[in-house]
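Secondary and tertiary structure notes
Each chain is listed here by its residues.
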Amino acid sequence: MAEWVYIREIADYVGQDVILKGWLYNKRSSGKLHFLQVRDGTGIIQCVVFKGEVSPEVFHLADHLPQETSLIVTGTVRADARAPIGFELAVKNLEVVHLAHDYPITPKEHGIAFLLDHRHLWLRSSRQHAILRVRSAVVKACRDYFDNHGFTLLDAPIFTPAACEGTTTLFPVDYFGDTVYLTQSGQLYMEAGAMAFGKVYCFGPTFRAEKSKTRRHLTEFWMIEPEVAYCDLDGDMDLAEDFIVYVVQRVLETRRAELTTLERDLTKLEQVQKPFPRISYGEAIDLLQQKGVAIEWGADFGGDEETLISETFDRPVIIHRYPVANKAFYMKTDPQDSRLALCMDVLAPEGYGEIIGGGQREDDLATLQAKIRAHDLPEQAFSWYLDLRRYGSVPHAGFGMGIERVVAWLCGLHHVREAIPFPRMLERVTP
Ligand code: 4AD
Ligand code: MG
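Residues numbered from 1 in each chain as written. Chains lettered and ligands numbered in written order. Predicted model: local features only at pLDDT ≥ 70, side-chain atom pairs only at ≥ 80, totals over all residues. Heavy atoms only, no water.

1. A closer look at the domain arrangement of the chain
Interface size, as often reported, equals the accessible area lost upon joining of the parts. If you check the domain split of the chain, you get domain 1 (3-98) and domain 2 (119-419). Computed over C-alpha atoms, the centres of domain 1 and domain 2 are 45 Å apart. Of the residues lining the interface, seven residues belong to domain 1; the matching set on domain 2 comes to five residues. Across the domain 1 to domain 2 interface the summed buried area is about 440 Å²; carbon plus sulfur atoms make up 38%. (Domains from an automatic or database assignment. Contact = heavy atoms within 4.5 Å. Buried area = accessible area lost by both parts, 1.4 Å probe.)

Below is the structure:
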């Protein structure tokens, strides 16, 4: 009796009869032969139905299968150098599980709005499938990195009493008559964790009421955030660099086929090795001015500026010490220059923009209290956070990396909306 196998492991079954359970991806016919492209979630294989080898009923059935019909196919695995995966299946029998009628996503071109409306089905297309397989490998590599480097996973809450990243992008939620907010970042909780465990990280969804429609912004995105006690800005940059190199190289090892499906230039990713260039905000301003950008010291970088800077380097670039004025309340001021914060961003190469934001945290109680007041934040909501500076405060640092930005970069995507299974954006919360 033939065994049920997955297409991914088909190479182990050459010459044997197997059972595949999947869906019809595409088909074509030529007289005595029907070629069925069958997918099972792990791959796509060509199943060849030859008139002389199946019953007349099965041959007729094979010619009338609509796209995305679910089916169980029995046949013999053959090596075939011309086949995209190197193997095909000589069909002996076919059984329909469910006939799909008028599948809306056909092999022709569709507009992006139509595809996003059908995201629940679009996931089945080979391109989307490849992207989300890369995503799963990115997440696994991120977790493995921290798990293997002495970090403890500490989950941060989603309902939070206060802002971490500025009050303009908060999503309020009615919480039994009170207002709480969907988390913008787990950082403040990781700071508590670092004081308890030394090295911690969280990984989860984070929310920003981003009113801008850019190709880099989602309203719900996934962030991985390490935090380390007794770590300064330099240590933080070392960690970010080592982490990114590990993640990129792991994805290259485990998702080469998917990146090839996406026609990604792998040589660009192979260049992601240590050391990354590190430039100060001031040097970045000089660089932009040299490139003819009308920008003055103190201004924030937009997507265009980030692109210009990152295109100057063949690997990620770290920009450190931005002006304090535009930065979050928790950042530590540079003792060498009070106009600057001990923070850093990592920009991905090829114009993919900021993938990491982080830095050293303010560890002095009075300074932090003054900053909370200067930012007009409710001090009461931060009283627990201030306790961390009352009881054994130490220098500490961390960062957050947006998973979708990284997936968009590694896959070479124009927009982050394809880097998450079900994107949430200013104008989209369905399906
Ligand atoms: O630079 P951000 O705002 O930093 C923080 O939230 C810190 N509290 C993290 C920390 O130090 N623990 O966000 C970090 C990263 C960005 O570099 C970007 O990759 C991603 O999160 N990100 C977004 N990704 C998609 N859509 C958005 N709207 C994003 N906002 C930030
Ligand atoms: Mg940032």
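Moving on, there is more to tell.
2. Considerations on the packing of helix H4 (residues 126-147) against helix H6 (residues 233-254)
For any two helices packed against each other, the geometry is given by the interaxial angle and the distance between the axes. Interhelical geometry of H4 versus H6 gives an angle of 135 degrees and a closest axis separation of 9 Å. In terms of axis orientation, H4 runs oblique to H6. As for how H4 packs across H6, the hand of that crossing is right-handed. Counting all contacts with H4, which are made through Val134, Ala137, Val138, Lys140, Ala141, Cys142, Asp144, Tyr145 and Phe146, the residues of H6 involved are Leu239, Asp242, Phe243, Tyr246, Val247, Arg250, Val251 and Thr254. Along the lines of polarity and charge, the residues of the contact of H4 with H6 split into 12 nonpolar, one polar and four charged. (Axes fitted to C-alpha atoms, helices over the stretch in contact; angles between N-to-C directions. Helix = DSSP H or I, 4+ residues; strand = E, 2+ residues; numbered from the N terminus. Parallel < 35°, antiparallel > 145°, perpendicular 65-115°, else oblique. Left-handed = near helix turned anticlockwise from the far one by under 90°. Nonpolar A, V, L, I, M, F, W, Y, C, P; charged D, E, K, R; others polar.)

3. Observations concerning the site of ligand 1
Of all residues adjacent to ligand 1, which total 22 residues, the nearest are Glu165, Gln187, Arg208, Glu225 and Glu354. Taking Glu165, its side chain carries an N or O atom lying 2.6 Å from a nitrogen atom of ligand 1. Within the backbone of Phe399, a nitrogen or oxygen atom sits 3.4 Å from a nitrogen atom of ligand 1. Expressed as a share of its isolated accessible area of 630 Å², the protein-covered part of ligand 1 is 94%. Listed by contribution, the elements that provide at least two residues to the shell around ligand 1 are strand S12 (220-229), strand S16 (353-360) and strand S17 (396-402). Broken down by element, the residue count for the shell around ligand 1 peaks at five residues, all from S16. For the shell around ligand 1, the residue count by class is seven nonpolar, seven polar and eight charged. (Near = heavy atom within 4 Å. Polar contact = N/O pair within 3.5 Å; in protein donor to acceptor, adjacent residues only side chain to side chain. Areas by Shrake-Rupley, 256 points an atom, 1.4 Å probe, with all protein chains shown as cover.)

4. Here's the deal with the sheet that holds strand S9 (residues 172-175)
Strand order across the open sheet formed by three strands is S8-S10-S9, with antiparallel pairing between neighbours. What marks the edges here is a single partner per strand, and that holds for strand S8 (159-160) and S9. Direction of pairing for S8 relative to strand S10 (residues 178-182): antiparallel, over a ladder of two bridges. Across the sheet, Thr160 pairs through a bridge with Tyr181, a residue of S10. (Pairing = 2+ DSSP bridges.)

5. Focus: helix H10 (residues 303-310)
When we look at burial in H10, the residues that qualify are Glu305, Glu306, Thr307, Ile309 and Ser310. For H10, the elements touching its buried residues are strand S13 (278-280), helix H9 (281-290), strand S14 (317-320), strand S15 (343-348) and S16. (Buried < 20%, exposed > 50% of the residue type's maximum accessible area, 1.4 Å probe, protein only.)

6. Considerations on the packing of aromatic side chains
Centre-to-centre distance and the angle between the planes together describe a pair of aromatic rings. Scanning the entire structure with this criterion turns up 21 aromatic pairs. Aromatic pair Phe329 and Tyr330: ring centres 5.5 Å apart, planes at 75 degrees, arrangement edge-to-face. Assigned by exposure class, Phe329 and Tyr330 land together as buried. Lys21 extends its terminal NZ or CZ atom over the ring of Trp4, reaching a point 4.1 Å from the ring centre. Here Lys327 stacks its cationic end above the ring of Tyr322, 4.3 Å away from the centre of that ring. (Phe/Tyr/Trp six-rings, centres within 6.5 Å; stacked < 30°, edge-to-face > 60°. Lys NZ or Arg CZ within 6 Å of the ring centre and 35° of its normal.)

7. A closer look at the environment of Ile403
Topologically, Ile403 is positioned in helix H13 (residues 403-411). Since its relative accessible area comes to 0%, Ile403 is described here as buried. Residues Ile403 and Ile355, spaced 48 residues apart in sequence, show a C-alpha to C-alpha distance of 8.1 Å. In contact with Ile403, not counting residues within four places along its chain, are Arg135, Val138, Val139, Cys142, Phe203, Trp222 and Ile224.

8. Describing the pairing of strand S4 (residues 44-50)
The element S4 is extensively covered by neighbouring structure, given that five of its seven residues are classed as buried. Across seven bridges, the pairing between strand S3 (residues 33-39) and S4 is antiparallel. Bridging across to S4, Phe35 finds its partner in Val48. Connecting the antiparallel pair S3 and S4 is a turn made up of four residues, with Gly41 showing a positive phi of about 95 degrees. Here S4 runs beside strand S6 (residues 87-98); their pairing, made up of three bridges, is parallel. If you follow Cys47 over to S6, its bridge partner there is Leu89.

9. Overview of H9
Every buried residue of H9 is accounted for by Tyr281, Ala284, Ile285, Leu287 and Leu288. On an axial view of H9, the arc spanned by its buried residues comes to 160 degrees, and they lie on one face. Residues of H9 that are buried sit in contact with S13, H10 and S14. Taken from the residues just after H9, Gly292 is the one with a positive phi, measuring 90 degrees. (Arc of directions from axis to C-beta.)

10. Observations regarding empty space enclosed by the protein
By the definition in use, this model includes three cavities of 30 Å³ or more. Considering only enclosed or pocket space, the largest cavity measures out at about 80 Å³ in volume. Along the lines of polarity and charge, the residues of the lining of the largest cavity split into seven nonpolar, four polar and no charged. Put simply, the second largest cavity is a space of about 60 Å³. Lining of the second largest cavity is provided by Arg215, Arg216, Tyr352, Arg405, Ala408, Trp409, Leu413, His414, His415 and Val416. Looking at the lining of the second largest cavity, its residues break down into five nonpolar, two polar and three charged. (1 Å grid on protein atoms, 1.4 Å probe; cavity = no way out; pocket = protein on both sides within 12 Å on 5 of 7 lines; lining within 4 Å. Points joined across faces, edges and corners; volume = space filled by probe spheres on them.)

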